Amino acid sequence: MSEARVDDLVSGILDGQHRALARAITTIENRESGYRDLVSALHAHTGDAEVIGVTGSPGAGKSTLVDKLAKRYRDCGLTVGVIAVDPSSPYTGGAVLGDRIRMASNVGDMDVFFRSMSARGQLGGLSTATADAITALDAFGKDRIVVETVGAGQNEVDVVRTADTVVVLVQPGSGDDVQMLKAGILEIGDVFVVNKADMDGASTTVADLREMLHMRDGSTTAATGHHGLGAVADEEGGGTADAGWDPEVVETVATEGTGVEALIDVLDDHYAYLRETGELDRRERTRYAEEIRQLLRTDAADLLEDEIERHGGMDALVDEVQARDADPYTVTDRILTPLADCVERRRE
Amino acid sequence: MSTGQEQRTIRCLVAKVGLDGHDRGAHVIARAFRDAGFEVIYSGLHRAPEEIVQAAVQEDVDVLGISILSGAHNTLVPKVIEGLKEYGAFEDTLVLVGGIIPDEDRSDLKEAGVAEVFGPGTSMQETIDFVRENVRR
């Protein structure tokens, strides 16, 4: 993509053109040439949006809830961006992105910008692409940005970590959800929503959740040295759970919009808490540090790929090692030493 | 400097417009597109033309496949195309129509901006090949 094209997209976005925003996100998703310049140019215009991550198992009602959330925000005069991430096939790379069907309350309202994204199978890359897409929506001037994803694995957890507030959605009466929570999703939630609260067993699920959250709090705030240390390590790992905030459990019936207002109150409370305690800044710093590391890793890996090619390709190198003409360490040194020398010289 | 690998994927919106409750065909084509490695967004039933336009613009799709079996294609399809033009999205969106379209209506639809009309009996492969060859960017 030419420099002029990047400039066009940037000025289009700052002008509020939906088409430019859509095209920018495509550029980001495809990693088209120039996407970096694009994100760099947009970065200066960000920082005003509140980002909310919504995760939960398939069928829990995420999309329906996000739809109702967006509607409430719109009623308050706020503009909304939604990024819905769906898995893609590991075999064909294809995907059916179905979250849009649920966005029935915001039909014809262009101030709700809804965008479906597929995971496209690359580990770590998804969170980078999502973070960049958030940058575009933020620069466009969206007041609230909701990122929605199926909470199944590390990839998705990384995605919701790009949010200021993480909402975990649970549906009543399924032991599976509790299992999922045990597996780590519990730690990342700031707000828990028991959706379909009109179903049998909803109150049990709420009680179970409260108890598990209580235990989680117990383990992070307990004065015993061992547990305290554990909590510190957790936070350094980029965990979004925080001892100063008691995770709330909210009941909703998303299809009818029941409880959505209460949820928004809790979300606002959490954001206020983040701002007042300075946690917002801290989280942002953690996020940027993680993002910089991720980019460095990716770029360094690309650089190394090029070097491997220059040394005759991986196949040739493996041939040498297999024939016992060289060993893996020697080969690695051969490729890396010139790079290290270069770095050394540039440093002086 | 290395810019990372480019990963271009064809994005499609499979859309049902108007009062037409039959979406078996749309489902079949959505699955076939997915299996061809495309990213498919399905609109759901009973969408108004402006909803389709909103979705096509925001999702920045390469292909818009409209499925119509109700007979209202002469009214609905031009409305969608007008909407795409309004947002400057028509030039690089490949608009396809599938379903029950009488032969005599085909040329009018094409004149309005539809790239191709696929009727009953079209093979999936034919449609997929057409998309691959004609995507506009």
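Residues numbered from 1 in each chain as written. Chains lettered and ligands numbered in written order. Predicted model: local features only at pLDDT ≥ 70, side-chain atom pairs only at ≥ 80, totals over all residues.

### Concerning the overall build of chain A
Note the following rule: Note on conventions: DSSP H or I runs of at least 4 residues are helices, E runs of at least 2 residues are strands, and numbering of each starts at the N terminus. With C-beta atoms placed from the backbone, a residue counts as buried when 20 or more other C-beta atoms lie within 10 Å of its own, as exposed when 12 or fewer do, and as partly exposed for counts between those limits. Here contacts are defined at the residue level, using C-beta atoms placed from the backbone and a cut-off of 7 Å between them.
Tallying secondary structure elements over chain A gives 13 helices and eight strands in all. Evaluated residue by residue, chain A yields a buried proportion of 41% over its 348 residues. A sequence separation of at least 24 residues applies to 74% of the contacts in chain A between residues at least 6 apart.

### A short note on the sheet that holds strand 8 (residues 248-251) of chain A
Residue and element names in this part refer to chain A. Definition in use: Two strands pair under a simple rule: DSSP has to find at least two bridges between them. Axes here mean lines fitted to C-alpha atoms, for a helix over just the part in contact, with angles spanning 0 to 180 degrees between N-to-C directions.
Reading across the sheet, the seven strands line up as 4-2-5-1-6-7-8 and stay open at both edges, with parallel pairing between neighbours. With partners counted over all chains shown, the strands left at the sheet margins are strand 4 (112-118) and strand 8, one partner each. Neighbouring strand axes in the sheet, compared pairwise and without regard to direction, differ in orientation by 20° on average. Where strand 2 (residues 80-86) and strand 4 come together, seven bridges link them in parallel fashion. Opposite Val-82, over in strand 4, you have Phe-114 as the bridge partner.

### Some points on the interface of chain A and chain B
Counting residues at the interface gives 35 residues for chain A, matched by 31 residues for chain B. When contributions to the side of chain A that touches chain B are tallied by element, the ones reaching two or more residues are helix 2 (18-30), strand 3 (95-97), strand 4 and helix 11 (279-310) of chain A. Where strand 3 of chain A meets strand 2 (residues 39-42) of chain B, three bridges bridge the pair, whose relative direction is parallel. Across the sheet, the residue bridging to A:Ala95 is B:Glu39, located in strand 2 of chain B.

### Some points on the packing of helix 1 (residues 3-14) of chain A against helix 2 of chain A
Residues and elements named next belong to chain A. Quick reminder of the rule: Any angle that falls under 35 degrees is termed roughly parallel, while one over 145 is termed roughly antiparallel, one within 65 to 115 roughly perpendicular, and all others oblique. Whether a crossing is left-handed or right-handed is set by the direction in which the near helix is turned from the far one by less than a right angle, anticlockwise for left-handed and clockwise for right-handed. Classification convention: Asp, Glu, Lys, Arg as charged; Ala, Val, Leu, Ile, Met, Phe, Trp, Tyr, Cys, Pro as nonpolar; all other residues, Gly among them, as polar.
Their axes nearest at 8 Å, the elements helix 1 and helix 2 cross at an angle of 130°. Regarding the angle of helix 1 to helix 2, the classification is oblique. As for the relative orientation of helix 1 and helix 2, their crossing is left-handed in sense. Mapping the contact onto sequence places Leu-9, Gly-12 and Ile-13 in helix 1 and Ala-20, Leu-21, Arg-23 and Ala-24 in helix 2. Here the contact of helix 1 with helix 2 is composed, by residue class, of five nonpolar, one polar and one charged.

### A few points about the sheet that holds strand 3 (residues 63-68) of chain B
Pairing is parallel in the open sheet, where six strands are placed in the order 3(A)-2(B)-1(B)-3(B)-4(B)-5(B). Two strands in the sheet have a free side with no partner beyond their single neighbour: strand 3 of chain A together with strand 5 (116-118) of chain B. With direction set aside, neighbouring strand axes in the sheet form an average angle of 25°. The sheet contact formed by strand 1 (residues 11-16) of chain B and strand 3 of chain B spans five bridges and is parallel.

### Here we look at the confidence of the model for chain A
Caution applies to low-pLDDT parts of the model: their predicted coordinates are not meant to be read in detail. All names here are of chain A. Where we set the bar: The predictor attaches a confidence to each residue, and that confidence, scored 0 to 100, is pLDDT.
Per-residue pLDDT for chain A averages 84, and the proportion of residues at 70 or more is 85%. For chain A, the element scoring lowest by mean pLDDT is helix 9 (residues 225-236), at 40; helix 10 (residues 260-277) scores highest, at 95. Contacts from residues 219-241, a stretch scored under 50 in pLDDT, to residues over four places away or in other chains number 22 contacts.

### Looking at the pairing of strand 3 of chain B
Residue and element names in this part refer to chain B. Inclusion rule: Look down the strands so they point away from you; if going from the first strand over the helix to the second traces a clockwise path, that crossover is right-handed.
For strand 3, the buried fraction is high: six of the six residues fall into the buried class. Side chains Val-63, Gly-65 and Ser-67 project from strand 3 onto one buried face, and the interleaved Leu-64, Ile-66 and Ile-68 project onto a second face that is buried too. Where strand 3 lies against strand 4 (residues 94-99), six bridges are found, and the strand directions are parallel. Across the sheet, residue Ser-67 finds its bridge partner in strand 4, namely Gly-98. Each parallel crossover has a hand, and for strand 3 linked through helix 3 (residues 73-86) to strand 4 it is right-handed.

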